[in-house]
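What the coordinates show
Below, each chain spelled out in residue letters.
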Amino acid sequence: MYDSNTIIKDLRVLTESFIPRRIIHRDGQINALRDNLKPLIDKEAPRNSFIYGPPGTGKTSMSQYVVDELKAYSPVLSVYINCWLYPSRFKILYSILQSLGQIFIHRKGTPTDELLDLLRQKMKNRSCVIVLDEADQLEDDKILYDLVETPGICIIMIANKETIFYDADPRIRSRLESMERIEFRPYSTNEILDILKDRAEWGLVPHVITPVQLNKIAEHSNGDARKAIGVLRAAAETAENQDSELITDTHIEKAIPKSVSINQTKTLESLNVHQKILYGIIKSSRQVPSSDLYQKYSAVCREKDLEPLVDRTIRNHLEKLQSYNLISVSGEGRWTVYSSV
DNA sequence: TGTCCACGGGAAAGAAAGGTGG
DNA sequence: CCACCTTTCTTTCCCGTGGACA
């Protein structure tokens, strides 16, 4: 009935990047973001949003959920940008234009302002929601000013800290301060429990894990849904690999220390360029088969004018990312699949 | 049954960091 | 401060391995 799987029904549901069909315990934030975007439906000017909160509080999932919802009601365009991968003004504009289907040759020396003009031209009589995720990583804050000053563009900025760009240009600062702020607090243990129940219901075979066990995972997560889902997934995979019929307490205990990373942001900062690229690719496309990864990696390197490292070295870096618990690896040999934790 | 192809161990080359003595 | 040697970490090259697939 579930193939040979005894534990996992749908692995995708157990990944952090999976966008659930309903978002729980974020009603206030969802409504706030909806209100900000709502004017777009009547072709009026929307409000920009600044979303902040610690990792694993649902910022990215919720934004994507609301944007998807909006697109069902209105012919608005949307672009998602991970600023970790595209931190510069040029890269962001280039990547926006690319996602909007603007194809042009990347000749060296294209002035950044030219890209901005192109974008502004394209935005005439259209509107577009731009999600800037990991905005802490932005190298140049002028891009924010550019985007805010472009009619038709609505920004959703996502960051960990509220105080981002505290020392920015006063013009930009006043713009940022006028953005609608939406705070994401860490989830309570009970809220995490609800999320886990939801994921377990859709992702696991019925009755392989008990509510008490889920509660144990929730208590250990410190309000970080990403961590909690990671533990659930690791425990389920261990159980599955051992051909067990149930997830045992031992499976969970084994999974907990694996996913307790001291401080994820600290770890991320310690990565080198290549590791960041790899992590960015794996994180933004929820799952990457090994056969695609190296190609994608080389492509990003070329965009960044970087000489790609040789494939064996990449495998070394992937091993490191895995040991830092930033990515998880499933499958074997040629059929290895990398996914974000 | 042979081909394909990413994996991962190991050696060796290269690069960066650390130490020492003039 | 510099020149030179040593150590440590990173990257590359080489290659055997094993599972899917035709």
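Just so you know, these numbers come straight off a predicted model, no measurement behind them. (Residues numbered from 1 in each chain as written. Chains lettered and ligands numbered in written order. Predicted model: local features only at pLDDT ≥ 70, side-chain atom pairs only at ≥ 80, totals over all residues. Heavy atoms only, no water.)

Turning our attention to the pattern of salt bridges. Applying the stated criterion across every chain, the model contains 13 salt bridges. As a salt-bridge pair, E180 and R47 come within 3.9 Å of each other at their nearest N and O atoms. Highlighted residues: E180 in strand β5 (residues 180–183) and R47 in the loop between α1 (27–37) and β1 (49–52), separated in sequence by 133 residues. Among the salt bridges present, the one from D311 reaches R315, with a minimum N-O distance of 3.1 Å. Here D311 pairs with R315, and both are found in helix α14 (residues 311–323), just 4 residues apart, close to one helical turn. (Salt bridge = Lys/Arg side-chain N within 4 Å of Asp/Glu carboxyl O. Helix = DSSP H or I, 4+ residues; strand = E, 2+ residues; numbered from the N terminus.)

Working definition: an aromatic ring pair is given by the centre-to-centre distance plus the angle between the planes. Applying the stated rule across the entire model yields 3 aromatic pairs. When the centroid spacing of 5.7 Å and the interplanar angle of 25 degrees are considered together, the rings of F50 and Y52 count as stacked. Across the pair, exposure class does not vary: F50 and Y52 are buried alike. Its end group placed over the ring of W202, R21 keeps NZ or CZ at 4.9 Å from the ring centre. In this structure, R26 is placed above the aromatic ring of Y187, and the distance from its NZ or CZ to the ring centre is 4.0 Å. (Phe/Tyr/Trp six-rings, centres within 6.5 Å; stacked < 30°, edge-to-face > 60°. Buried < 20%, exposed > 50% of the residue type's maximum accessible area, 1.4 Å probe, protein only. Lys NZ or Arg CZ within 6 Å of the ring centre and 35° of its normal.)

Glancing now at the sheet that holds strand β8 (residues 337–340). Pairing is antiparallel in the open sheet, where 3 strands are placed in the order β6-β8-β7. Every other strand in the sheet has two partners, leaving β6 (287–289) and β7 (327–330) as the edge strands with one partner each. The mean inter-strand angle of the sheet, taken between neighbouring strand axes irrespective of direction, is 25 degrees. Relative to the sheet, helix α13 (residues 290–303) contacts β6 and β8, its axis offset from that of β6 by approximately 100 degrees. (Pairing = 2+ DSSP bridges. Axes fitted to C-alpha atoms, helices over the stretch in contact; angles between N-to-C directions. Contact = heavy atoms within 4.5 Å.)

To continue, consider the protein's contact with DNA strand B. Residues in contact with DNA strand B, as listed here, are S290, S291, R312, R315, G333, R334, T336 and Y338. Considering DNA strand B, the proportion of its atoms within 4 Å of the protein that are sugar or phosphate atoms stands at 49%. For DNA strand B, a sugar or linking oxygen lies 3.3 Å from a polar atom in the side chain of S290. Here a base oxygen of DNA strand B sits 2.3 Å away from a polar atom, N or O, in the side chain of R334. Elements represented by at least two residues in the surface near DNA strand B include exactly α13 and α14. In terms of residue class, the surface near DNA strand B is made up of 1 nonpolar, 4 polar and 3 charged. (Near = heavy atom within 4 Å. Polar contact = N/O pair within 3.5 Å; in protein donor to acceptor, adjacent residues only side chain to side chain. Nonpolar A, V, L, I, M, F, W, Y, C, P; charged D, E, K, R; others polar.)

Here we take up the protein's contact with DNA strand C. Neighbouring DNA strand C are the residues L309, V310, R312, T313, N316, H317, R334 and W335. When atoms of DNA strand C within 4 Å of the protein are split into backbone and base, the sugar-phosphate part holds 53%. The contact in question runs from a base nitrogen of DNA strand C to an N or O atom on the side chain of R334, over 2.6 Å. Classifying every residue of the surface near DNA strand C gives 3 nonpolar, 3 polar and 2 charged.

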